[in-house]
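Structure assessment
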Amino acid sequence: MMVAKIKKGDKVIVTTGRDKGKKGEVLKVLPKENKAVVSGVNTAKRHTKQTQRTQGGIVNKDLPIDLSNLAHVDPKSGEATKIGWKELGDGRRVRFAKKSGEVIDV
């Protein structure tokens, strides 16, 4: 298995499907299924029954989306970009946006 380029907290854009062009933050990554849950993307209405803890009703739920349909958002331009790895002077390996050269990991 290769190192996942998309991590929790990353800003991503959807490249294909009905949510194409939508941007959001990664809430959860499911590496075994090769999917991620992104806020505001691939939502479905779930009818939930009332319990002692939660109130019932119709709830919008973010469902997992395939990693192949996601791309990182370039920090400078806001467009989709590919990700590369580079080593900094202090020996840390960081991810950077290939379009602008901007470092993503801080």
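Residues numbered from 1 in each chain as written. Predicted model: local features only at pLDDT ≥ 70, side-chain atom pairs only at ≥ 80, totals over all residues. Heavy atoms only, no water.

Turning next to unusual backbone geometry. Phi at Asn34 takes a positive value of approximately 60°, unusual for a residue other than glycine. Tracing the backbone shows Asn34 in the loop between β2 (23-30) and β3 (35-38). With a relative accessible area of 40%, Asn34 lands in the partly exposed category. Phi is positive for Asn42, which is not a glycine, with a value near 55°. Within the fold, Asn42 resides in the loop between β3 and β4 (43-48). (Helix = DSSP H or I, 4+ residues; strand = E, 2+ residues; numbered from the N terminus. Buried < 20%, exposed > 50% of the residue type's maximum accessible area, 1.4 Å probe, protein only.)

Moving on, we come to the pairing of β2. Where strand β1 (residues 11-14) meets β2, 3 bridges bridge the pair, whose relative direction is antiparallel. Paired with Val12 across the bridge in β2 is Gly24. Two elements, β2 and β3, share 4 bridges in a ladder whose sense is antiparallel. If you follow Leu30 over to β3, its bridge partner there is Lys35. From the end of β2 to the start of β3, which pair antiparallel, there are 4 residues, and Asn34 there has a positive phi angle of about 60°. (Pairing = 2+ DSSP bridges.)

An order of β6-β3-β2-β1-β7-β8 is seen for the 6 strands of this open sheet, with the pairing classed as antiparallel. Strands at the two margins of the open sheet, each flanked by one partner only, are β6 (64-66) and β8 (80-81).

This brings us to the pattern of salt bridges. Scanning the entire structure with this criterion turns up 6 salt bridges. Residue Asp10 pairs with Arg95 through a salt bridge whose shortest N-O separation is 2.8 Å. Of this pair, Asp10 sits in the segment before β1 while Arg95 sits in strand β10 (residues 93-97); the two residues are 85 residues apart in sequence, bridging distant segments of the chain. Residue class for Asp10 comes out buried when judged on its relative accessible area of 8%. Ionic pairing is found between Lys22 and Asp19, a salt bridge with its closest N-O pair at 3.2 Å. (Salt bridge = Lys/Arg side-chain N within 4 Å of Asp/Glu carboxyl O.)

Let us look at the nonpolar core. As a rule of thumb, nonpolar side chains are buried together in soluble globular proteins. Counting 10 residues, the largest nonpolar core consists of Ile6, Val12, Val14, Val26, Ala36, Val38, Val41, Ile65, Leu67 and Leu70. When contributions to this core are tallied by element, the ones reaching two or more residues are β1 and β3. Setting aside residues up to four positions removed in sequence, Leu70 forms contacts with Ile6, Val12, Ile13, Val14, Thr15, Ala36, Val38 and Ile65. (Core = buried A, V, L, I, M, F, W, Y, C linked by side-chain atoms within 4.5 Å. Contact = heavy atoms within 4.5 Å.)

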